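The residues making up each chain are set out below.
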Amino acid sequence: DYPQTARNIVRLIFGLPKAGRPEGLLILDDNFMEEACAGLISMGVRVPEEVEVVSHCTWPRPVPSMLPIRYVG
């Protein structure tokens with residue numbers, strides 16, 4: 001119901017020192033994908049150099065992303 005929360009959660013997780021950050025981000029609800037990507041961008045996280053992002057999507061039309069992410073549908 002609140003996709004904007006994904007941005008804050010991503011900022012919290014990726015605000016950790018680089019050694020403590022996860023290597024991947026799995027987004028299981030495509031309604032959160034845009035806000036999660038916005039969180040990564042706001043933190044300056046490089047995708048896919050620093051983190052691999054995989055998102056669920058509803059086929060045949062995945063939500064366009066500002067980042068190079070992989071989709072699973």
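Here the structure is shown first, and the text comes after it.
Residues numbered from 1 in each chain as written. Predicted model: local features only at pLDDT ≥ 70, side-chain atom pairs only at ≥ 80, totals over all residues. Heavy atoms only, no water.

1. Some points on the pattern of salt bridges
Reasoning step 1: Evaluation of the coordinates by the stated rule reveals five salt bridges.
Reasoning step 2: Put simply, Glu50 and Lys18 hold a salt bridge, and the shortest N to O gap is 3.9 Å. With a gap of 32 residues between them, Glu50 in the loop between helix H2 (33-43) and strand S2 (52-56) and Lys18 in the loop between helix H1 (5-13) and strand S1 (24-27) connect regions that are remote in the sequence.
Reasoning step 3: Judged by relative accessible area, Glu50 falls into the partly exposed class, the value being 23%.
Reasoning step 4: Exposure remark for Lys18: the relative accessible area of 58% places this residue in the exposed category.
Reasoning step 5: Each of Lys18, Arg21, Arg46 and Glu50 takes part in one network of salt bridges that share partners. (Salt bridge = Lys/Arg side-chain N within 4 Å of Asp/Glu carboxyl O. Helix = DSSP H or I, 4+ residues; strand = E, 2+ residues; numbered from the N terminus. Buried < 20%, exposed > 50% of the residue type's maximum accessible area, 1.4 Å probe, protein only.)

2. As for the state of the cysteines
Reasoning step 1: Using the criterion set out here, one finds zero disulfides in the structure.
Reasoning step 2: Its sulfur unpaired, Cys37 is 12 Å from the next cysteine sulfur, which belongs to Cys57.
Reasoning step 3: With relative accessibility at 1%, the residue Cys37 sits in the buried group.
Reasoning step 4: Look at Cys57 and you get buried, because its relative accessible area is 2%. (Disulfide = S-S within 2.5 Å.)

3. Some details on the pairing of S2
Reasoning step 1: Judged by which residues are buried, S2 turns out to be one-sided: Val53 and Ser55 face inward and are buried, whereas Glu52, Val54 and His56, on the alternate face, are not.
Reasoning step 2: Across four bridges, S1 lies against S2 in parallel orientation. In the sheet register, Leu25 faces S2, and the bridge partner there is Val53.
Reasoning step 3: One ladder, built from three bridges, connects S2 with strand S3 (residues 70-72); its direction is parallel. Residue pairing across strands places His56 opposite Val72, the latter belonging to S3. (Pairing = 2+ DSSP bridges.)

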